[in-house]
Amino acid sequence: MNKLAIITAAFALIVTAGIAATNVAPKNPSTRNEGLMMPKAPADSLLKRGEYLVTIMGCDDCHTPKKMGPHGPEPDASRRFMGHPANQPLARIDTGALRGWVLFDMGQTAAVGPWGISYAANISSDATGIGSWTEAQFFTAIRKGKFKGLEASRPMLPPMPWTQYAKASDEDLKAIFAYLKSSRPVANVVPQAVPPTQILSLK
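The present account deals with the structure reproduced in this document. Computed from a predicted structure; not experimentally measured.

What counts and how
- Residues numbered from 1 in each chain as written.
- Predicted model: local features only at pLDDT ≥ 70, side-chain atom pairs only at ≥ 80, totals over all residues.
- Heavy atoms only, no water.
- Helix = DSSP H or I, 4+ residues; strand = E, 2+ residues; numbered from the N terminus.
- Buried < 20%, exposed > 50% of the residue type's maximum accessible area, 1.4 Å probe, protein only.
- Contact = heavy atoms within 4.5 Å.
- Areas by Shrake-Rupley, 256 points an atom, 1.4 Å probe, with all protein chains shown as cover.
- Polar contact = N/O pair within 3.5 Å; in protein donor to acceptor, adjacent residues only side chain to side chain.
- Axes fitted to C-alpha atoms, helices over the stretch in contact; angles between N-to-C directions.
- Parallel < 35°, antiparallel > 145°, perpendicular 65-115°, else oblique.
- Nonpolar A, V, L, I, M, F, W, Y, C, P; charged D, E, K, R; others polar.
- Left-handed = near helix turned anticlockwise from the far one by under 90°.
- 1 Å grid on protein atoms, 1.4 Å probe; cavity = no way out; pocket = protein on both sides within 12 Å on 5 of 7 lines; lining within 4 Å.
- Points joined across faces, edges and corners; volume = space filled by probe spheres on them.

## Regarding the overall build of the protein chain
When you go through the protein chain residue by residue, the secondary structure sums to 6 helices and 7 strands. Listing the helices and strands of the protein chain from first to last along the sequence gives α-β-β-α-α-β-β-β-β-β-α-α-α. Burial statistics for the protein chain: of 203 residues in total, 33% are counted as buried. Residue pairs at least 24 apart in sequence account for 62% of intrachain contacts in the protein chain once pairs closer than 6 positions are excluded. Put simply, the protein chain shows about 13000 Å² of open surface, and 63% of that area lies on carbon and sulfur atoms.

Written out as structure tokens, the structure reads:
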């Protein structure tokens, strides 16, 4: 076999191998995202990502009532994500202390300031929380700061830092929502927010 025949055979072998390689299906399933093929994250990975984000973003700081631990107040895991307890009235508010201050209750689930009184929402998977929410609703709540994720609703009140959370990627918000929807449901109807003009009437 002359050199030309050897080179031709080798070239044909390389081309054949290349074609075969392009016909091999990817190991991971993919979904189309804005015209690009993106790997689809397994469900357990999505939940783990959501758990990680919920933890480092401090969601328990406001949305989980506290119990007294050896080093002071700590999140009560049995009431995780239930928001401000419906049966827990606030102590008398000293309106004089509100001049230049924002106050939290002992459980850190209620806050009072120039906007009035706000209560941390129930974000557990119960129907009184976000159990019946759609993913689109959750995106509206975080991206636009809309109460209960409804376009026609009032703005979410401080101290909810939705303007910072709104910068999260779609993938991260999907993971957070999936994790919250997988949480233990805790039935609790959080009290309605109180406008600043009505704070004095609570004395």
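## A closer look at unusual backbone geometry
Put simply, Pro158 and Pro159 share a cis peptide bond, and its omega is 5°. For Lys148, which is not a glycine, the phi torsion comes out positive at approximately 60°. Of note, Lys148 is situated in the loop between helix 4 (135-144) and helix 5 (162-165).

## Things to note about the side chain of Ser183
You can see Ser183 is positioned in the segment after helix 6 (170-181). Its relative accessible area of 12% is what places Ser183 among the buried residues. At a separation of 2.6 Å, a polar atom in the side chain of Ser183 contacts the main-chain carbonyl oxygen of Leu180. Leaving out residues up to four positions away in the same chain, Ser183 has contacts with Phe81, Ile123, Ser124 and Ser125.

## A few points about the packing of helix 2 (residues 43-56) against helix 6
Interhelical geometry of helix 2 versus helix 6 gives an angle of 95° and a closest axis separation of 7 Å. If you check the angle between helix 2 and helix 6, you find them roughly perpendicular. Facing Leu46, Leu47, Arg49, Gly50, Glu51, Leu53 and Val54 of helix 2, the residues of helix 6 in contact are Asp172, Lys174, Ala175, Ile176, Ala178, Tyr179 and Leu180. Residue classes in the contact of helix 2 with helix 6 are distributed as 9 nonpolar, 1 polar and 4 charged.

## Observations concerning the packing of helix 4 against helix 6
Axes are the key here: two packed helices are described by the angle between their axes and the distance separating the axes. Relative to each other, helix 4 and helix 6 sit at 115°, their axes nearing to 10 Å. The chirality of how helix 4 crosses helix 6 is right-handed. Along its contact with helix 4, which presents Glu135, Phe138, Phe139, Ile142 and Arg143, the element helix 6 presents Asp170, Leu173, Lys174, Ile176, Phe177 and Leu180. When grouped by side-chain class, the residues that make up the contact of helix 4 with helix 6 number 7 nonpolar, no polar and 4 charged.

## Here's the deal with the side chain of Thr140
Here Thr140 is to be found in helix 4. Aside from chain neighbours lying at most four places away, what touches Thr140 is Gly145, Lys146, Gly149 and Glu151.

## Examining the layout of surface pockets
The computed volume of the largest pocket comes to approximately 830 Å³. Around the largest pocket sit 43 residues that line it, and His63, Ala120, Ala121, Ile123 and Met156 are the ones nearest its centre. Elements that contribute at least two residues to the lining of the largest pocket include exactly helix 3 (59-63), strand 6 (110-113), strand 7 (116-119), helix 4 and helix 6. No other element matches helix 3, which puts 4 residues into the lining of the largest pocket. Residues belonging to the lining of the largest pocket are distributed by class as follows: 30 nonpolar, 10 polar and 3 charged.

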